[in-house]
Every structure is written in C-alpha cells, then in structure tokens.
Amino acid sequence: MNKQIVITCLRGLVIPVLALVWVSGQAQTRTATITGYSPALKDGTVAESTVDNVRIANDTVKGGRFSLTVPVEGLTKSYLFLEGEGCPNHLMTIWLKPGVEVKVTGTDCLYPLWKVDSPLPEQQTVSRITEHGHDTLSEMLRLGLANAPWEEEKAVYMKYLKQTMDILPSLPVDAASLDELEGVAMMAEASTAARAPKGFEEQLALIHTQVYPPHILQVGEEAIDAELIDMEGRKHHLAEVLVQPGRYVLLDFWSLGCYPCRISEPEMREVYDKMQGKLEIIGINQDKLSAWQEDNFSKSIAWKNWNDGKMGKADVENHYCDMKAIPYYVLISPDKRILWKGAGYGAGWFLGMAEAIIGPKQDNTANLQLAVRSIGIKPDGTTISFRYYGQEGYWFRIVKDSYLEANGKKYKLTAADGITLDENNYPKEKATKITEGVMGKLFFTDFVLTFEPFDTTPTTFDFKEGDGEGAFVIRNITIE
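Each value, and the rule that gives it
- Residues numbered from 1 in each chain as written.
- Predicted model: local features only at pLDDT ≥ 70, side-chain atom pairs only at ≥ 80, totals over all residues.
- Heavy atoms only, no water.
- Helix = DSSP H or I, 4+ residues; strand = E, 2+ residues; numbered from the N terminus.
- Buried < 20%, exposed > 50% of the residue type's maximum accessible area, 1.4 Å probe, protein only.
- Areas by Shrake-Rupley, 256 points an atom, 1.4 Å probe, with all protein chains shown as cover.
- Phe/Tyr/Trp six-rings, centres within 6.5 Å; stacked < 30°, edge-to-face > 60°.
- Lys NZ or Arg CZ within 6 Å of the ring centre and 35° of its normal.
- pLDDT = per-residue confidence, 0-100.
- Contact = heavy atoms within 4.5 Å.
- Pairing = 2+ DSSP bridges.
- Axes fitted to C-alpha atoms, helices over the stretch in contact; angles between N-to-C directions.
- Salt bridge = Lys/Arg side-chain N within 4 Å of Asp/Glu carboxyl O.
- Disulfide = S-S within 2.5 Å.

**Q** Is there a simple way to think about the overall build of the chain in this case?
**A** For the chain, the helix and strand inventory stands at 14 helices and 26 strands. Across the 480 residues of the chain, 51% fall into the buried class. Element-wise, carbon and sulfur atoms account for 49% of the exposed surface of the chain, whose accessible area totals about 21800 Å².

**Q** Could you clarify how one ought to interpret the packing of aromatic side chains in this entry?
**A** Any two aromatic rings considered together are summarised by their centre-to-centre distance and by the angle between their planes. If you walk through the whole model with that rule in mind, you get 17 aromatic pairs. On the numbers, 5.0 Å between centres and 75° between planes, the contact of Tyr-329 with Phe-350 is edge-to-face. Residue Tyr-329 is found in strand E17 (residues 328-332), and its partner Phe-350 is found in helix H13 (residues 349-358); the two are separated by 21 residues along the sequence. Residue Tyr-329 is classed as buried on the basis of its relative accessible area, which comes to 0%. Pairwise contacts between aromatic rings join Phe-386, Tyr-388, Phe-396, Phe-447, Phe-451, Phe-463 and Phe-472 into one cluster. The positively charged end of Arg-262 is found above the aromatic ring belonging to Phe-297, 4.4 Å away from the centroid.

**Q** Please clarify how the confidence of the model for the chain should be interpreted in this entry.
**A** Do not read the predicted coordinates in detail wherever pLDDT is low. The pLDDT averaged across the chain works out to 87; a share of 89% of its residues lies at or above 70. This model gives residues 11-28 a pLDDT under 50, and the stretch forms 56 contacts once residues within four places in sequence are excluded.

**Q** Looking at this structure, how should I read the sheet that holds strand E3 (residues 31-37)?
**A** Sheet strands line up and pair through hydrogen bonds in the backbone, either parallel or antiparallel. The mixed open sheet is built from 4 strands, whose spatial order is E6-E3-E9-E10. The outermost strands of the open sheet, each flanked by one partner alone, are strand E6 (65-71) and strand E10 (115-117). Within this sheet the neighbouring strands show an average axis-to-axis angle of 15°, counted without direction. As defined by bridge partners, strand E9 (residues 101-105) adjoins E10 across 3 bridges and the pair is classed as antiparallel. Directly across from Lys-103, in E10, lies its bridge partner Asp-117.

**Q** What exactly am I supposed to notice about the pattern of salt bridges here?
**A** Once their charged atoms are close, side chains differing in charge can pair, the charge on each being opposite to the other. Tallying each qualifying case throughout the model produces 23 salt bridges. The salt bridge partner of Asp-52 is Lys-288, with a shortest N-O separation of 3.1 Å. Pair noted here: Asp-52 is in the loop between strand E4 (46-51) and strand E5 (54-60) and Lys-288 is in the loop between strand E14 (279-285) and helix H10 (289-294), with a separation of 236 residues, a long-range link. Relative accessible area serves as the criterion here: at 26%, Asp-52 is assigned to the partly exposed category. The shortest N-O distance in the salt bridge between Arg-234 and Glu-232 comes to 3.2 Å. Judged by relative accessible area, Arg-234 falls into the partly exposed class, the value being 48%. The class for Glu-232 is exposed, based on a relative accessible area of 57%.

**Q** Whenever I open this one, the side chain of Lys-464 confuses me. Can you help?
**A** Within the secondary structure layout, Lys-464 lies in strand E25 (residues 460-464). Overall, the relative accessible area of 16% leaves Lys-464 in the buried class. Those residues in contact with Lys-464 that sit more than four places away from it in its chain are Ser-402, Tyr-403, Glu-405, Phe-472, Val-473 and Arg-475.

**Q** Help me understand the sheet that holds E17, please; the structure alone is not making it clear to me.
**A** Ordered in space as E12-E11-E15-E14-E13-E17-E18, the 7 strands form an open sheet in which the pairing is mixed. Lying at the two open borders of the sheet, with one neighbouring strand each, are strand E12 (235-237) and strand E18 (338-343). Between one strand axis and the next, the sheet turns through 30° on average, direction left out of account. Where E14 lies against strand E15 (residues 304-307), 4 bridges are found, and the strand directions are parallel. Its bridge partner being in E15, Gly-283 is matched across the sheet by Asn-305.

**Q** Teacher, can you tell me more about the state of the cysteines here?
**A** A full pass over the atoms with the stated rule returns 1 disulfide. Counting only cysteine sulfurs, Cys-109 is the nearest neighbor of Cys-87, a cysteine outside any disulfide, at a range of 4.5 Å.

Here it is in structure tokens:
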C-alpha cells in the first residue's frame, strides 16, 4: 500500500488544485465587467475570470473588493474563481455580454452562493438553479474546504445535479438552461430539449449523444480510428500511429487551463525521450483551435500535438474517455489493444510505465509507480527485482504477507533486501537530473523480494502485496 497524490480536474469542480493560464493577444475589444464584494475576503485573494478554459482577466482583492474587465464579443459563458483563504475550489458561472456590468456580493467566502445582480436572463436562469439547490451546494462547498474524500463529495454533487434536473423543465429554454441540460443530460427529461428554439441544433446534437452515449472502449478492446487536427490545421488519423509495429501509444487528453496537465509534462517528456521507438505520445487538446495554436506551452510540446476541433466534445473523447476529466490517459499496446485508462496525474506514473514496457512483460497498471525489473528463477527461491517511483516524503509499504500466485498456488515471501517489510519506506534515489517542480521531488527505490521456489516454472505469474485493501498487484508477469 502507498500514500500518494493524484491530481484531476473535473467539469465545474477542481480537485484538489486549479491553475489557469494567461493568454495574451486577445482579439476581442469589447468588454463586460464583473465586480464583487464580501467583507470576509482576505486582502491578496486572487479573482480570476476564464472563458473556454483560458484565464482572460484577474484582480487582487483589496478591502473585500475586486473588479474584472472581461473581453467579450457576444453572449459569453465565463467562470469566476477566487483563490484565497476560505475560498472553495469551485467555478461560478457568469454570463456576459458587451457593456454588461455584473455584481456579485456576499457576507462569507462561499462565492458560488452569493447574490448575482445582472440584467441578463441567462444569469437569472443560473441564479434560479443555484437557489433551488442552495443547501446542497453549500454542503458540497464545505466538504471541499474540509478536504473530504471525493466519494463523500461526489454523493452530494450527484444530489445537486438531480436537483438541477428537477428544476430544468420549469425554466426558460435559453443558452443557460441548455448548458445546464448538457451537464446533466444523462438524467434530464427530454421535454426540455424538445422545447428549444432554433439556433441550438449543434448543442442539441451533443446533448443527444450524452443521453444516448456511444460505446466507450474498455481495457482489452481494440482501439479505433479518429480524425484530429495538428497545429498547422492539417488533418490526421490515430490509425497513422496505431499501425506502427512494436510501438505503444499513449493518448493524453488535456487542456491549457488544466494544472495537472501541465505538471505532468516534464515526466512525460523524460519518458518520451527515453522510449524513442517504443512509445508514441499523442496529445489531444480540448481548447479552441486559436488559443491552442497560439499558446507557447502548446508550441513546446515534443510529441504529436493534435486537437479534436470540438473543444473536447468530439467522437474521440466519447469513445475513449469514461468521464469528463482531464488529464485523461489511454495506453494502447502494439497490437492495438487498450491496456490502461486513467484520469488525473500521479508523480511516477510514466516512469513506472516505461519500466514495465522495457522490462519483463507485465501488467502494472493497477499501480504504475511499481514495476518488475528482473526475475531470477532458482531451485532455492524466486527473486524479483522491483523499482518504485514516488514523491519525496511520501511512503510506500510492502507487507510480509506478500506472495506470488501461479500454478493455482501461493508462493510466500521469504526475504526482502532494500526495504523493511511492514514499515513505511521512502524513495531514496533522485529519479532525474531535473531540480524544479514535481520532477525535482521525484525519487525511486530499488529492492529485491525472494519467494518460495516454484514447484514448476510457470509461463506467467502474479505478484500480490497481500490481500488487504489498496494492495499492490502486478499481473501476468512473463518469464522468458
């Protein structure tokens, strides 16, 4: 078992961190204004406005007040985010138009619950939804501030979505109600969509795919083709890469405004350089084409850097991603089978993935940080050399009840070298020469475990770190 952090961004929620990206050179010249006040806001709290996952305005709170000037060309959905003491990690929807002034006010730091004064009917629709689920949203925000387990917070979030679904049929059918319908499409009543006026055909088509979702590919199934666009606007197909013999493919669904997407990049780059010819990475960006093409971070990406062209709503996401979360990764084998799917980023994942690819054939996708490096078969015992990657200060533990499973039997652990069984062990060796960021704190530990000898040498076997909850498991370790 181990202690680790996995960072993921979900739609409308940020768990556990949110970082947004400043993009300069905005083409818009017309603006709207968002002003806010609460006596509870601490000086130095940062107020940010984002549109299409890109931060386009910010201000620092002073005397409980902030003001944001947001470039807009027409009716625009934006998000307000406050980062400071007592503020929850949650995005507040603010609808804007050129020349519109929106005021948000409250008495505490739970800004998604504040009063919103706006002349726009779309904002009034949002306010009615918020008021309808006020108590549930308040509970969700407080759970977030208390760092409650996601499963506990998720239950409250699903209750809030149900309350949103309940009120939707009574609301005007406008851009705001259709946007909310998209978010709860799997549960919303079809009558709301049926009353929509002309002009929303494309969004209604998207809602239809969410109500009647396509088949989502699962581990073990064969990967399928998809059309994507590169930085120069040229079209490409996944099949171009999937047909390359002997090469693994990692799909990376990401966005400019996603903090974990960015902090994972150095480790991915390390592995990409190390695995030339064995691993291809395809970044699938979900931002507007113009923002993605003009961004310096996008331009620095070393591997195939493509875009779905529909801001994360294309068939490639519908078929490959189980949830609307980023980063989202899909590992595909040389024979085009899906080996692993995962949301978020945990330090050491990709280095552990590389160890498994270049080492003995194995399935370490239950915990990518741990990989088998070599196997020794002897009459007096079987020795397995492991490597574990983790962040400095974060422990892992191997229990003395660990065993190998093969031939329908369990082969007990008899000795350990390099770690102490049943105690917290910490990675000791620096993983790379990088000194900054997550990579600067990424370490590894090599250790060897000895097990009872096999009665008959198997073709494959499993390593199980005991039978407790959260135990490490590496399956189908192949003896060659």
